[in-house]
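Structure at a glance
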Amino acid sequence: MAVTETLPRNDGIAPTTYHVKAGGQGAALDIRDFNLWYGETQALFENSLEIQKGMVTAMIGPSGCGKSTLLRSLNRMNDLVDGLRISGQIMVDDFDIYGRGVDVIALRKRMGMVFQKPNPFAMSIYDNVTYPLRVDGVTKKSILDDTVERALRSAALWDEAKDRLKESALGMSGGQQQRLCIARAVASDPEVLLMDEPCSALDPIATAKIENLISDLRGQYTIVIVTHSMSQAARVSDNTAFMYLGRIIEYGATETIFTNPKVARTNDYVTGRFG
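I will try to describe carefully the structure that is included in this document. The structure presented is a predicted model; accordingly, all values stated were derived computationally and were not measured. (Residues numbered from 1 in each chain as written. Predicted model: local features only at pLDDT ≥ 70, side-chain atom pairs only at ≥ 80, totals over all residues. Heavy atoms only, no water.)

Examining unusual backbone geometry
Definition in use: Strands are runs of DSSP state E lasting at least 2 residues, helices are runs of H or I lasting at least 4, and numbering of each runs from the N terminus.
Non-glycine residue D33 carries a positive phi angle of around 45 degrees. Within the secondary structure layout, D33 lies in strand β3 (residues 27-38). With phi around 55 degrees, A156 is a residue other than glycine that occupies positive phi space. Relative to the assigned elements, A156 resides in the loop between α4 (141-154) and α5 (158-161).

What follows is the structure, given as structure tokens:
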């Protein structure tokens, strides 16, 4: 059975309703009272969330609610923004990723990232996939070759790309480019895949292929996907977090969030009353 608890809030909007899914493998990421400011503007407010290992977690909510900001906090990509300030913790393996002395480059190797628009490098398909390994100094051809096949198979792209590995990645279709970016992300064997609206620039056929790929990768990786599409979240995710005005309002099993949410504001969003 799921356990429901109410986390205290003093923001006057609503308490977070948090459903702990039974039978999980434990937390891959544990977000604890996380706040974020850009200069004087606060973008995230007291967010707490356990992202379960091996599962697909979707973040949904209206535009500008903080989904991508929270996602980019998980591998510290927001560090690149001037005036950034945070409080709270994000725990991975019992260490705080914002703690003193954390190797941010090593952290990002554990957190593969896929962006809204495909962003292949202007180089061959082969070189795109092997880029993370070459950065780490791996040059042995047998290792690179094995990695290319493994990563492209993981991204359901091997059969389409195996005979054109030396061709430019820029000659691929948009959907193929996005799957190539996923292959590049998994080439270094990360623990977590972060996906920021990975289908927003794709047509329905390419979107279906990415969604099938996410399903195939479930269990191999912990996946966190930000999506503006509630139907996509319902199709691909195990758990869903609904965000509003920088706050996680409700988090639980996807089926519960979409069919029997505990918070009225969540129900209003998933039934289309606002958003």
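Points about the pattern of salt bridges
Two side chains that carry opposite charge are able to pair once their charged atoms sit near each other. As a reminder, the rule being used: Between Lys or Arg on one side and Asp or Glu on the other, a salt bridge is scored when a side-chain nitrogen of the former is within 4 Å of a carboxyl oxygen of the latter. Relative accessibility decides the category of a residue: with a 1.4 Å probe and only protein chains considered, values under 20% of the type maximum give buried, values over 50% give exposed, and everything between is partly exposed.
Per the stated rule, a full pass over the model turns up 14 salt bridges. Across the salt bridge formed by D136 and K109, the nearest N and O atoms sit 2.5 Å from each other. Of this pair, D136 sits in the loop between α3 (125-135) and α4 while K109 sits in helix α2 (residues 104-110), placing them 27 residues apart in sequence. Accessibility expressed as a relative area gives 39% for K109, which makes it partly exposed. One salt bridge connects R153 with E149, and the closest N-O pair in it is separated by 2.9 Å. Taken together, the residues span about one helical turn, with R153 and E149 both in helix α4 at a distance of 4 residues. Exposure remark for R153: the relative accessible area of 48% places this residue in the partly exposed category. Of the residues examined, E149 reaches a relative accessible area of 30% and is grouped as partly exposed. Here the salt bridges do not stand alone but share partners, grouping D93, R110 and E191 into one network.

Description of the sheet that holds strand β6 (residues 84-92)
Strand pairing in a sheet relies on backbone hydrogen bonds, with the paired strands running either antiparallel or parallel. Rules: One bridge is not enough; two strands pair if DSSP finds at least two bridges between them.
Read across the sheet, 4 strands follow the order β4-β3-β6-β7 without closing on themselves; strand pairing throughout is antiparallel. Strands with a single pairing partner mark the edges of an open sheet, and in this sheet they are β4 (41-52) and β7 (95-96). The pairing of β3 with β6 spans 7 bridges and is antiparallel. Note on β6: the bridge partner recorded for D30 is M91.

Focus on the packing of aromatic side chains
How we decide: Ring geometry is summarised as follows: Phe, Tyr and Trp rings, the Trp one being its six-membered ring, pair when their centres sit within 6.5 Å, and such pairs are stacked at plane angles under 30 degrees, edge-to-face over 60 and tilted between the two. Think of it as a cone above the ring: NZ of Lys or CZ of Arg counts as a charge over the ring if it is within 6 Å of the ring centre and within 35 degrees of the ring normal.
Going through the model one piece at a time under the given rule, you end up with 3 aromatic pairs. Both rings, one in F34 and one in Y98, keep their centres 5.6 Å apart while their planes meet at 40 degrees; by these two values the pair is tilted. Here the residue F34 occupies a position in strand β3, and Y98 occupies one in the loop between β7 and α2, the gap between them amounting to 64 residues. Residue classification places Y98 among the buried positions, given a relative accessible area of 16%. Ring centres of F242 and Y269 lie 5.1 Å apart, and the angle between their planes is 25 degrees; on these two criteria the pair is classed as stacked. Taken together, the residues F242 in strand β11 (residues 239-244) and Y269 in helix α10 (residues 264-270) connect sequence positions 27 residues apart. Residue Y269 is classed as buried on the basis of its relative accessible area, which comes to 5%. The positively charged end of R184 is found above the aromatic ring belonging to F121, 4.0 Å away from the centroid.

Quick word on the pairing of β3
Regular strands place side chains that alternate from one sheet face to the opposite one. As paired elements, β3 and β4 share 8 bridges and run antiparallel to each other. Its bridge partner being in β4, W37 is matched across the sheet by Q42. Counting the residues in the hairpin turn of β3 and β4 gives 2 residues, including G39, whose phi is positive at 65 degrees.

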